[in-house]
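Each chain, written out:
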Amino acid sequence: MKILLNKTSLTESLRHFSDIGFVPTMGSIHKGHLSLISKSNQMCQKTVVSIFVNPKQFDNKKDFKTYPKNIKKDLKVLNQSKTVDFVYIPKFKDIFKNNKKPRIKLIKKDKILCAKFRNGHFEGVLDVMDRLTYIVRPTKIFMGNKDFQQLFLVKKYLKKKYNINVLGCKTIREKNKVALSSRNYFLSKRDLILASRVVKKLINVKKNIKNKKNKNKYLLTVKDNFQKQFKIKIEYLELRNINNLKLSNVINSSKLFVAYYLNGVRLIDNL
Ligand code: AMP
């Protein structure tokens, strides 16, 4: 596994390869990341993993400053996985220097779910994904269904500019059903138990919703009950179509999307 700290050495190292799988991450590597990497390793000649905590996608400075970082441990885990060929760990300037670009703006119909609550977040994500893709030049990008809206928007945006495939990979969960996430490091044992109860209840809601006439109206009641029962703040709990992310009133091709705060930690999931 080769570690590359700037785009010049990355470009030089990748120059001989034409079939590159790319897994962009913000570090604090966990089994969710490793599952994307393993997919890339199976499907592509070489696998590049990037570790970059992109300040532009944080709508809150404190959130950026406190985002969990542990490069040493990450490199150890990645190396031990024996599935990574290159790790790209750029500095801010390596990605954002000398590259004036028109500001990315989400269209109105995309300002839903997380985009409605995190001002500028996806604009920051699309910007960095555009820049990383331009530098890495992958044939395939592997991203998690866990961040479904991110996957949806990145796919749509990059498809217009590059000849690449963005592949959505399944969400890896703990035994207790909580989706793995770097933000879980902020949760206490008690919080994790609560998160597990929330997700298990949501799995039941997803089953029960079949019989409800107006599904999103029913979800508003569920949201209220959850907030009271678990003392959490839910930003959204919505059933949406997975192909266009429009509100849905049918189970087929739809998922339940949720974002909530548990003791100040923002968690998202979809089921
Ligand atoms: P992050 O480091 O949180 O920016 O995530 C990097 C990539 O890993 C994104 O494509 C995420 O969707 C994906 N990812 C995060 N958590 C999981 C998970 N539990 N299962 C599968 N993929 C995940």
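The rules we used
- Residues numbered from 1 in each chain as written.
- Predicted model: local features only at pLDDT ≥ 70, side-chain atom pairs only at ≥ 80, totals over all residues.
- Heavy atoms only, no water.
- Pairing = 2+ DSSP bridges.
- Helix = DSSP H or I, 4+ residues; strand = E, 2+ residues; numbered from the N terminus.
- Axes fitted to C-alpha atoms, helices over the stretch in contact; angles between N-to-C directions.
- Contact = heavy atoms within 4.5 Å.
- 1 Å grid on protein atoms, 1.4 Å probe; cavity = no way out; pocket = protein on both sides within 12 Å on 5 of 7 lines; lining within 4 Å.
- Points joined across faces, edges and corners; volume = space filled by probe spheres on them.
- Nonpolar A, V, L, I, M, F, W, Y, C, P; charged D, E, K, R; others polar.
- Domains from an automatic or database assignment.
- Buried area = accessible area lost by both parts, 1.4 Å probe.
- Salt bridge = Lys/Arg side-chain N within 4 Å of Asp/Glu carboxyl O.
- Polar contact = N/O pair within 3.5 Å; in protein donor to acceptor, adjacent residues only side chain to side chain.
- Near = heavy atom within 4 Å.
- Areas by Shrake-Rupley, 256 points an atom, 1.4 Å probe, with all protein chains shown as cover.
- Buried < 20%, exposed > 50% of the residue type's maximum accessible area, 1.4 Å probe, protein only.
- Right-handed = clockwise from strand over helix to strand, strands pointing away.

A.B. asks: How should the sheet that holds strand β1 (residues 2–4) be read in this particular structure?
C.D. replies: Within a sheet, neighbouring strands are paired by backbone hydrogen bonds and run either parallel or antiparallel to one another. The sheet built from six strands is open, its strands ordered β1-β4-β3-β2-β5-β6 with parallel pairing. The sheet is open, and its two borders are formed by β1 and β6 (165–169), each paired with just one other strand. Across the sheet, the axes of successive neighbouring strands diverge by a mean angle of 25°, strand direction being ignored. The pairing of strand β2 (residues 20–25) with strand β3 (residues 46–51) spans six bridges and is classified as parallel. Across the sheet, residue Gly 21 finds its bridge partner in β3, namely Thr 47. Along the sheet, helix α2 (residues 31–43) contacts β2, β3, β5 (140–144) and β6; its crossing angle with β5, the most-contacted strand, is approximately 155°. Sitting on the sheet, helix α7 (residues 121–136) is in contact with β2, β3, β4 (86–88) and β5, with an inclination near 150° to β2.

A.B. asks: Sorry, what's going on with empty space enclosed by the protein here?
C.D. replies: It is a probe the size of a water molecule, rolled over the atoms, that shows where empty space is left. This model, assessed by the stated rule, comprises one cavity of 30 Å³ or more. Quantified by volume, the largest cavity comes out at close to 140 Å³. What lines the largest cavity is a set of 16 residues, and nearest its centre among them are Val 178, Tyr 260, Leu 267, Ile 268 and Asp 269. Its residues placed into classes, the lining of the largest cavity shows 11 nonpolar, two polar and three charged.

A.B. asks: Before we go on, may I ask you to explain the domain arrangement of the protein in this structure?
C.D. replies: It is common to give the size of an interface as the accessible area lost on bringing the parts into contact. Parsing the protein into structural domains produces domain 1 (2–169) and domain 2 (182–270). For domain 1 and domain 2, the distance between their C-alpha centroids amounts to 26 Å. Every contact between the two is made by 21 residues of domain 1 and, on the other side, 17 residues of domain 2. Both sides together, the interface formed by domain 1 and domain 2 hides about 1800 Å², and carbon and sulfur atoms give 63% of it. When residues of domain 1 are sorted by the area they lose upon contact with domain 2, Leu 113, Phe 117 and Phe 148 head the list and together hold 33% of the total. Across the pair Asp 63 and Arg 183 runs a salt bridge whose closest N-O atoms are separated by 2.9 Å. Across the domain 1-domain 2 interface, the total number found is five residue pairs in polar contact (both at pLDDT 80 or more). The set of elements that each furnish at least two residues to the side of domain 1 that touches domain 2 consists of α3 (61–66), α6 (113–117) and α8 (148–161). Considering only residue class, the side of domain 1 that touches domain 2 consists of 10 nonpolar, seven polar and four charged.

A.B. asks: Mind showing me how you'd approach the site of the ligand here?
C.D. replies: Around the ligand lies a shell of 17 residues, among which Met 26, His 33, Asp 147, Ile 172 and Leu 180 are the nearest. Within the backbone of Gly 144, an N or O atom sits 2.9 Å from an oxygen atom of the ligand. A distance of 2.9 Å separates a nitrogen atom of the ligand from a polar atom in the backbone of Ile 172. The fraction of the free accessible surface of the ligand (490 Å²) that becomes covered by protein chains is 93%. Those elements that provide at least two residues to the shell around the ligand are β2, α2 and β5.

A.B. asks: Sorry, what's going on with the pairing of β5 here?
C.D. replies: Two faces, one strand: in a regular strand the side chains alternate between the faces of the sheet. Across the five residues that make up β5, a large majority, four, are buried. Judged from the two bridges that link them, β2 and β5 form a sheet pairing that is parallel. Bridge pairing links Phe 22 to Ile 141 in β5. Two strands pair when backbone bridges link them, and β5 and β6 are joined in this way by five bridges, in the parallel orientation. Across the sheet, the residue bridging to Ile 141 is Val 166, located in β6. Crossover β5 to β6 through α8 is right-handed.

A.B. asks: What is the right way to read the environment of Asn 225 from this model?
C.D. replies: Along the chain, Asn 225 falls in helix α10 (residues 215–230). Since its relative accessible area comes to 42%, Asn 225 is described here as partly exposed. Sequence separation between Asn 225 and Ser 13 is 212 residues; the distance between their C-alpha atoms is 54 Å.

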